[in-house]
Amino acid sequence: MLEFLSGYYDWIKAIHIMAVISWMAGMFYLPRLFVYHAERAVVGSELDQTFQVMEEKLLRVIINPAMTVTWIAGLIMLAMGAFDWGSVWAWAKIISVILMSGFHGWLSKRRKEFAAGANTRSGRVYRLANEVPTVLMVIIVVAVVVRPF
């Protein structure tokens, strides 16, 4: 199977990059929605319901599928030998991607809290959380492109 896919490596990498861009766009936007939701919407209000729809659709339609495609394409490339496991950059990338996936899970749980009317976090918490994907993205891109270590 991998021999068959090897002829499509550039396509797999292109799909991986497109999925990462989509995933990251959602990971930047969802915490920002949470900031506004926490600060401006009263539980049960029309605005609360609007935010809930936006957050749920962002996760279900964009973020979750993009993360799935990112992982599948990445694992295919990994199986094709795209990683040098003896290099620190490869480990920095994979650990950062795992952390990004964990943050994705954290955001999913926060969305469920908002949906249940049970959010206890302030807009400030979500502003700080909004920096997590930025830091992880910087580590991932530098590790893969510059390979400083």
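Residues numbered from 1 in each chain as written. Predicted model: local features only at pLDDT ≥ 70, side-chain atom pairs only at ≥ 80, totals over all residues. Heavy atoms only, no water.

Novice: Please provide a residue-by-residue account of the environment of V125, values included.
Specialist: Note on placement: V125 falls in helix α5 (residues 123-129). C-alpha of V125 to C-alpha of V53: the two residues are 72 residues apart in sequence and 21 Å apart in space. (Helix = DSSP H or I, 4+ residues; strand = E, 2+ residues; numbered from the N terminus.)

Novice: Can you break down the pattern of salt bridges residue by residue, with the values?
Specialist: Inspection of the entire model under this criterion finds four salt bridges. The salt bridge partner of E39 is R127, with a shortest N-O separation of 2.6 Å. Linking E39 in helix α2 (residues 9-40) with R127 in helix α5, this pair joins segments that are 88 residues apart in sequence. Given the relative accessible area of 42%, E39 is considered partly exposed. A single salt-bridge network, built from bridges that share partners, covers R110, E113 and R121. (Salt bridge = Lys/Arg side-chain N within 4 Å of Asp/Glu carboxyl O. Buried < 20%, exposed > 50% of the residue type's maximum accessible area, 1.4 Å probe, protein only.)

Novice: Describe the packing of α2 against helix α3 (residues 46-79), listing the residues and the values that go with them.
Specialist: Contact pair α2 / α3: the axes reach a minimum separation of 7 Å and the direction vectors enclose 155°. One finds that α2 runs roughly antiparallel with respect to α3. The two elements α2 and α3 meet at a crossing, and its hand is left-handed. The residue makeup of the contact of α2 with α3, split by class, is 26 nonpolar, seven polar and four charged. (Axes fitted to C-alpha atoms, helices over the stretch in contact; angles between N-to-C directions. Parallel < 35°, antiparallel > 145°, perpendicular 65-115°, else oblique. Left-handed = near helix turned anticlockwise from the far one by under 90°. Nonpolar A, V, L, I, M, F, W, Y, C, P; charged D, E, K, R; others polar.)

Novice: Run through the environment of G7, naming residues and quoting values.
Specialist: Of note, G7 is situated in the loop between α1 (2-6) and α2. Measuring from C-alpha to C-alpha, the distance between G7 and I17 comes to 18 Å, with ten residues separating the pair along the chain.

Novice: Please set out the packing of aromatic side chains residue by residue, giving values where relevant.
Specialist: The full count for this structure, using the stated rule, is eight aromatic pairs. With 5.0 Å between their ring centres and 45° between their planes, F83 and W85 make a pair best called tilted. On the basis of an interplanar angle of 40° and a centroid distance of 5.7 Å, the ring pair of F114 and Y126 is categorised as tilted. With F114 in helix α4 (residues 88-115) and Y126 in helix α5, this pair connects stretches of sequence that are twelve residues apart. We note that F114, like Y126, is buried. In this structure, R147 packs its charged tip against the face of W89, placed 3.9 Å from the ring centre. (Phe/Tyr/Trp six-rings, centres within 6.5 Å; stacked < 30°, edge-to-face > 60°. Lys NZ or Arg CZ within 6 Å of the ring centre and 35° of its normal.)

Novice: Any chance you could break down the packing of α4 against helix α6 (residues 132-146) for me, citing the residues and the numbers?
Specialist: Relative orientation of the contacting elements α4 and α6 amounts to 155°, with a least axis distance of 9 Å. In this view, α4 runs roughly antiparallel relative to α6, as classed from their interaxial angle. The way α4 lies across α6 gives a crossing that is left-handed. On the side of α4, the interface is formed by W89, A92, K93, S96, V97, L99, M100 and F103, while α6 contributes V132, P133, L136, M137, I139, I140, A143 and V144. Within the contact of α4 with α6, the residues separate by chemical class into 14 nonpolar, one polar and one charged. (Contact = heavy atoms within 4.5 Å.)

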